[in-house]
Amino acid sequence: MDINQLELQLNPVKDDPVALLRKTHDIFGKKLAVLSSFGAESVLLLAMVAEAKKNIRILFLNTGKHFEETLAYKEKLIEVLGLTNIVDVTPEKQDIDHYDPTGELWAFDADACCRIRKVEPLQRASLSYKALVTGRKRSQASTRATMQIIEQRQDGTFRINPLAFWTAEDIQKEITRRHLPPHPLVSHGYLSIGCEPCTRPVQEGEEARCGRWSGLSKTECGIHL
Ligand code: SF4
């Protein structure tokens, strides 16, 4: 299937994230997975997944460097939303032993750390899927400003971004309307939450993703490039 054929099927439901998730699952079945960081705004997409179908596969990149609060939040959301198909994607032990034996690789080579803890584990896990759903939004950062809801990658696989055109205000309004529990670090100024060593709270007026890899030119971990 190419992107034109997929768009033909998905365009009628493109503006309704729950219907889009349901239809995408109908098309791809077990070849579909949702990627979630269980971060600051993840709860909305996860609630929509639960509404569409509770057993859609959800992948969590468990880098070994997450905040304790994120891991606890993940367990809470599984229970609250009734999600039944979460899989942790983890780095290879031999890579950690070889490249990051002290656990401090992030401090002197963040790209290498993301490669062994995120990019390569996801690449291995992705081999089982034809389409991945992400919660990325155009409004999150200038690097995402031209993102589409339906994308095809060079390897032929698809990325579905149901919230691509939602603003931060849209997201917060819907989270409030659905009475969804917030990530516990949001109230401490963390508006985009990744690994603990590479995430800081943001100041008023900053882009949410300014809190990621602060002080480095790095803006993406590489899994969406
Ligand atoms: S975000 Fe930081 S700690 Fe996490 S994998 Fe990337 S460099 Fe390592």
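Just so it is clear, the structure is predicted and the values come from calculations on it, not from any experiment. (Residues numbered from 1 in each chain as written. Predicted model: local features only at pLDDT ≥ 70, side-chain atom pairs only at ≥ 80, totals over all residues. Heavy atoms only, no water.)

**Notes on the sheet that holds strand 3 (residues 86–89)**
- Judged by pairing direction, the sheet is mixed, and its 6 strands sit side by side in the order 3-2-1-4-6-5 without closing on themselves. Where the open sheet ends on each side, the last strands, each with one partner, are strand 3 and strand 5 (150–152). Strand-to-strand twist across the sheet, computed as the mean angle between neighbouring axes with direction ignored, equals 30°.
- Inspection of the sheet shows strand 1 (residues 32–35) paired to strand 2 (residues 57–61) by 3 bridges, in the parallel sense. Opposite Val34, over in strand 2, you have Ile58 as the bridge partner.
- Each of strand 1, strand 2, strand 3, strand 4 (131–133) and strand 6 (158–160) touches helix 7 (residues 110–126); the most contacted strand, strand 2, lies at about 160° to it. (Pairing = 2+ DSSP bridges. Helix = DSSP H or I, 4+ residues; strand = E, 2+ residues; numbered from the N terminus. Axes fitted to C-alpha atoms, helices over the stretch in contact; angles between N-to-C directions. Contact = heavy atoms within 4.5 Å.)

**Comments concerning the packing of aromatic side chains**
- Inspection of every chain in the model, using the stated rule, returns 3 aromatic pairs.
- Considering the side-chain rings of Phe28 and Phe158, the 6.0 Å spacing of their centres and the 45° angle between planes classify their relative orientation as tilted. Of this pair, Phe28 sits in helix 2 (residues 17–28) while Phe158 sits in strand 6, and the two are 130 residues apart along the sequence.
- Taking the relative accessible area as the measure of exposure, Phe158 reaches 1% and is therefore buried. (Phe/Tyr/Trp six-rings, centres within 6.5 Å; stacked < 30°, edge-to-face > 60°. Buried < 20%, exposed > 50% of the residue type's maximum accessible area, 1.4 Å probe, protein only.)

**Details of helix 2**
- Between its first and last C-alpha atoms helix 2 spans 16 Å; for 12 residues at 1.5 Å apiece the expected length is 16 Å, and the two agree.
- The complete set of buried residues in helix 2 reads Pro17, Val18, Ala19, Leu20, Leu21, Thr24, His25 and Phe28.
- Phi turns positive, to about 55°, at Gly29, one or two residues after helix 2. (Expected span 1.5 Å × (residues − 1).)

**Considerations on the site of the ligand**
- Taken together, 10 residues lie around the ligand, and Ala110, Cys113, Cys114, Cys195 and Cys198 are the ones closest in.
- Tallying contributions element by element places helix 7 first for the shell around the ligand, with 5 residues.
- Of the residues belonging to the shell around the ligand, the class tally is 7 nonpolar, no polar and 3 charged. (Near = heavy atom within 4 Å. Nonpolar A, V, L, I, M, F, W, Y, C, P; charged D, E, K, R; others polar.)

**Observations concerning the pattern of salt bridges**
- A full pass over the atoms with the stated rule returns 12 salt bridges.
- Note that Glu41 and Lys137 form a salt bridge whose closest N and O atoms lie 2.9 Å from each other. With Glu41 in the loop between strand 1 and helix 3 (42–52) and Lys137 in the loop between strand 4 and strand 5, the pair connects residues that are 96 residues apart, well separated along the chain.
- The buried category is assigned to Glu41, whose relative accessible area is 18%.
- One salt bridge connects Arg178 with Glu51, and the closest N-O pair in it is separated by 2.9 Å. Separated by 127 residues along the polypeptide, Arg178 in the segment after helix 8 (168–177) and Glu51 in helix 3 bring together distant segments of the chain. (Salt bridge = Lys/Arg side-chain N within 4 Å of Asp/Glu carboxyl O.)

**A look at the pairing of strand 3**
- In the sheet, strand 2 pairs with strand 3 via 4 bridges, with the strands oriented parallel. Within strand 3, the position partnered with Ile58 by the bridge is Ile86.
- Handedness of the β-α-β unit built from strand 2, helix 4 (residues 68–81) and strand 3 comes out right-handed. (Right-handed = clockwise from strand over helix to strand, strands pointing away.)

**Thoughts on the nonpolar core**
- Counting residues in each nonpolar core, the largest one holds 38 residues, and the members touching the most others are Leu44, Leu81 and Ile160.
- Beyond its immediate sequence surroundings of up to four residues, Ile160 is in contact with Leu6, Leu10, Leu20, Thr24, Leu132, Val133, Thr134, Ile149 and Ile150. (Core = buried A, V, L, I, M, F, W, Y, C linked by side-chain atoms within 4.5 Å.)

**Focus: the packing of helix 2 against helix 3**
- Two elements in contact, helix 2 and helix 3, have axes separated by 9 Å at closest approach and are oriented at 55°. Judged by the angle between their axes, helix 2 and helix 3 are oblique. Both helix 2 and helix 3 take part in a crossing whose hand is right-handed. Taking contact as the criterion, the partners of Pro17, Val18, Leu21 and Arg22 in helix 2 are, on helix 3, Leu45, Met48, Val49, Glu51 and Ala52.
- For the contact of helix 2 with helix 3, the class distribution of residues is 7 nonpolar, no polar and 2 charged. (Parallel < 35°, antiparallel > 145°, perpendicular 65-115°, else oblique. Left-handed = near helix turned anticlockwise from the far one by under 90°.)

**Brief notes about helix 7**
- Here helix 7 is 17 residues long and its end C-alpha atoms lie 22 Å apart, about the 24 Å a rise of 1.5 Å per residue gives.
- At Ile116, helix 7 shows its strongest bend, of approximately 40°.
- Within helix 7, 12 of the 17 residues are buried, leaving the element largely enclosed by the surrounding structure.
- Three or more residues of helix 7 are buried, namely Ala110, Ala112, Cys113, Cys114, Ile116, Arg117, Lys118, Val119, Pro121, Leu122, Ala125 and Ser126. (Bend = angle between axes of the 7 residues up to and from the residue.)

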